[in-house]
Amino acid sequence: KRFSTARDLAKMVAMTTEAKQPSAFTRVEGAARHTVMQIGLGVAAYVLGSIFASGAMGRISERVGLIDSEAVAFVYGWVMQRLWLFVVLPMFGWAAGRFTELRSLRFAVTAALAGELFALLLFSAINGLDPLLENPGELLARGVTLLLGMAVTLLAVSSGRRAAAAAQAEADAIAVKQKAE
């Protein structure tokens, strides 16, 4: 068969050739990009969460005043200190899951550990390691809240992936409907 234009020839070649599998280098490069994104989002979540928490703590303390109960003050302080892990990182995870194909567990673990490592490095640069090592309760609280934050982020990424799948199914249905018309 003769082709009238180069475009027709290109279409015919594209239809008859099979899609090539990506090379090992391409797969590794893609995985590295995902990992860098996850680490960056973990650190950014810590920074933004800390900014939001300090602003919120200032406003709340203006209205509430000094908290008398030591237990309530402890819980309040930890929730505000871990705001990045319970609110900001899951929001980033949902958005990343909605717009990219990534594994929920890998994102939750990598991003949370990156943010926590950044927090620990910052804390130890300011205060040294002695306050952390002398207080095992704080290390335990950090570990428990880190695991809880990972679980919340895992759920958020999974929710984002489900939202992406639903949007794709809706777009496919609209395309089929328009094609039928």
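Refer to the structure presented above.
Reading the values: the criteria
Residues numbered from 1 in each chain as written. Predicted model: local features only at pLDDT ≥ 70, side-chain atom pairs only at ≥ 80, totals over all residues. Heavy atoms only, no water. Helix = DSSP H or I, 4+ residues; strand = E, 2+ residues; numbered from the N terminus. Contact = heavy atoms within 4.5 Å. Areas by Shrake-Rupley, 256 points an atom, 1.4 Å probe, with all protein chains shown as cover. Phe/Tyr/Trp six-rings, centres within 6.5 Å; stacked < 30°, edge-to-face > 60°. Buried < 20%, exposed > 50% of the residue type's maximum accessible area, 1.4 Å probe, protein only. Lys NZ or Arg CZ within 6 Å of the ring centre and 35° of its normal. Core = buried A, V, L, I, M, F, W, Y, C linked by side-chain atoms within 4.5 Å. 1 Å grid on protein atoms, 1.4 Å probe; cavity = no way out; pocket = protein on both sides within 12 Å on 5 of 7 lines; lining within 4 Å. Points joined across faces, edges and corners; volume = space filled by probe spheres on them. Nonpolar A, V, L, I, M, F, W, Y, C, P; charged D, E, K, R; others polar. Salt bridge = Lys/Arg side-chain N within 4 Å of Asp/Glu carboxyl O.

A. Examining the overall build of the protein chain more closely. Of regular secondary structure, the protein chain possesses seven helices and zero strands. In the protein chain, the order of α-helices and β-strands from amino to carboxyl end is α-α-α-α-α-α-α. Put simply, of all contacts in the protein chain between residues at least 6 apart along the chain, 80% involve residues at least 24 apart. Of the roughly 12,400 Å² of accessible surface on the protein chain, 67% is carried by carbon and sulfur atoms.

B. Representation of the packing of aromatic side chains in the model. Within this structure, the stated rule accounts for two aromatic pairs. Ring centres of Tyr 46 and Trp 84 lie 5.7 Å apart, and the angle between their planes is 80°; on these two criteria the pair is classed as edge-to-face. Within this pair, whereas Tyr 46 is found in helix α2 (residues 24-64), its partner Trp 84 is found in helix α4 (residues 83-99), the two being separated by 38 residues in sequence. In this pair, the class of Tyr 46 matches that of Trp 84, namely buried. With a centroid separation of 5.6 Å and an interplanar angle of 70°, the aromatic rings of Tyr 46 and Phe 118 are classed as edge-to-face. Of this pair, Tyr 46 sits in helix α2 while Phe 118 sits in helix α5 (residues 104-127), and the two are 72 residues apart along the sequence. Judged by relative accessible area, which is 15%, Tyr 46 ranks as buried. Residue Phe 118 is classed as partly exposed on the basis of its relative accessible area, which comes to 31%. One aromatic cluster is present, built from ring pairs that chain together Tyr 46, Trp 84 and Phe 118. Positioned above the aromatic ring of Phe 123 is the side chain of Arg 142, whose terminal nitrogen or guanidinium carbon lies 5.8 Å from the ring centre.

C. Examining the nonpolar core more closely. The biggest cluster of nonpolar side chains holds 15 residues, and the ones touching the most others in it are Trp 84, Leu 85, Leu 89, Phe 107 and Ala 112. Contributing elements (two or more residues each) for this core: α2, α4, α5 and α7 (136-180). The leading source of residues in this core is α4, at five residues. Once residues within four sequence positions are removed from consideration, Leu 89 is found in contact with Leu 41, Gly 42, Ala 45, Trp 84, Phe 107, Ala 111, Ala 112 and Thr 153.

D. Layout of the layout of surface pockets. Of the volumes computed, that of the largest pocket is approximately 230 Å³. For the lining of the largest pocket, the secondary-structure elements that each account for two or more residues are α2, α3 (70-81) and α5. In the lining of the largest pocket, the residues fall into nine nonpolar, four polar and two charged.

E. How the structure looks around the pattern of salt bridges. Enumeration according to the criterion identifies four salt bridges in this entry. Residue Glu 29 is joined to Arg 33 by a salt bridge in which the shortest nitrogen-to-oxygen separation is 2.9 Å. Here Glu 29 and its partner Arg 33 are both found in helix α2, four residues apart, which amounts to about one turn of the helix. With a relative accessible area of 31%, Glu 29 lands in the partly exposed category. Judged by relative accessible area, which is 58%, Arg 33 ranks as exposed. The shortest N-O distance in the salt bridge between Glu 138 and Arg 142 comes to 3.8 Å. Placement of both Glu 138 and Arg 142 in helix α7 is noted, with a separation of four residues, approximately one turn of the helix. Judged on exposure class, the residue Glu 138 and its partner Arg 142 are both buried. Where salt bridges share partners, they join Arg 82, Glu 116, Glu 138 and Arg 142 into one cluster.

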